[in-house]
Amino acid sequence: MSGSSKCHHPEIDFNLEHAIFKDTNIRYLEIIGKCKICETPIQFQGNFPVGVTPDFPTQVELGNRNIVLPFLVEGEIYDGNSPSFYVKDPEIEN
Ligand SMILES: [Zn+2]
């Protein structure tokens, strides 16, 4: 089943990817989810910039389906110079 309008999406299957940005101690958690029954992807709510930056959450591509959350372990201080690239208002840019 895919994208069924009859499904009430009772269970969401989340995929969490954890990565660390090279030459920094900034880590990222990428979150993706879809309905376990009909496989319809979840869509996060909000106006996320597209790209990656250590400064705030972003979406990987338009559609709010892949959210990237930068984080440090409590007590750590940001160390390094992470590459940062994002489009602040992707809807306007396109
Ligand atoms: Zn569903």
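Conventions and cut-offs
Residues numbered from 1 in each chain as written. Predicted model: local features only at pLDDT ≥ 70, side-chain atom pairs only at ≥ 80, totals over all residues. Buried ≥ 20, exposed ≤ 12 C-beta atoms within 10 Å, placed from the backbone. Helix = DSSP H or I, 4+ residues; strand = E, 2+ residues; numbered from the N terminus. Pairing = 2+ DSSP bridges. Contact = placed C-beta atoms within 7 Å.

Draft legend 1. Structural context of the pairing of strand S1 (residues 12–20). Sparse coverage of S1 is indicated by the burial of 0 of its 9 residues. Pairing of S1 with strand S2 (residues 27–35) involves 9 bridges; the strand directions are antiparallel. From the neighbouring strand, Leu16 faces S2, where its bridge partner is Ile31. Between S1 and S2, which pair antiparallel and follow one another directly, the connecting turn spans 6 residues, one of which, Asp23, has a positive phi of 65°.

Draft legend 2. The arrangement of the environment of Ala19 in detail. Along the polypeptide, Ala19 turns up in strand S1. Residue classification places Ala19 among the exposed residues on the basis of 12 C-beta atoms within 10 Å. Residues Ala19 and Glu30, spaced 11 residues apart in sequence, show a C-alpha to C-alpha distance of 8.3 Å. In contact with Ala19, not counting residues within four places along its chain, are Arg27 and Tyr28.

Draft legend 3. Broad picture of the pairing of strand S5 (residues 67–71). On S5, burial follows the alternation: Val68 and Pro70 on one face are buried, whereas Ile67, Leu69 and Phe71 on the facing-out side are not. Relative to S5, S2 runs antiparallel, the two sharing 5 bridges. Within S5, the position partnered with Glu30 by the bridge is Val68. When strand S4 (residues 58–59) meets S5, the two strands line up antiparallel, connected through 2 bridges. Looking at the pairing, Thr58 lines up with Val68 of S5.

Draft legend 4. Representation of the environment of Val68 within the structure. Relative to the elements of secondary structure, Val68 occurs in strand S5. Those residues within four positions of Val68 in sequence are excluded, and the remaining contacts are Tyr28, Glu30, Val52, Pro57, Thr58 and Val60.

Draft legend 5. View of unusual backbone geometry. Positive phi is not limited to glycine here, since Glu39 has a value of about 65°. Mapping Glu39 onto the fold places it in the loop between S2 and strand S3 (50–52). Judged by the 14 C-beta atoms lying within 10 Å of it, Glu39 falls in the partly exposed class. Its identity is not glycine, yet Asn64 carries a phi of approximately 55°, on the positive side. Topologically, Asn64 is positioned in the loop between S4 and S5.

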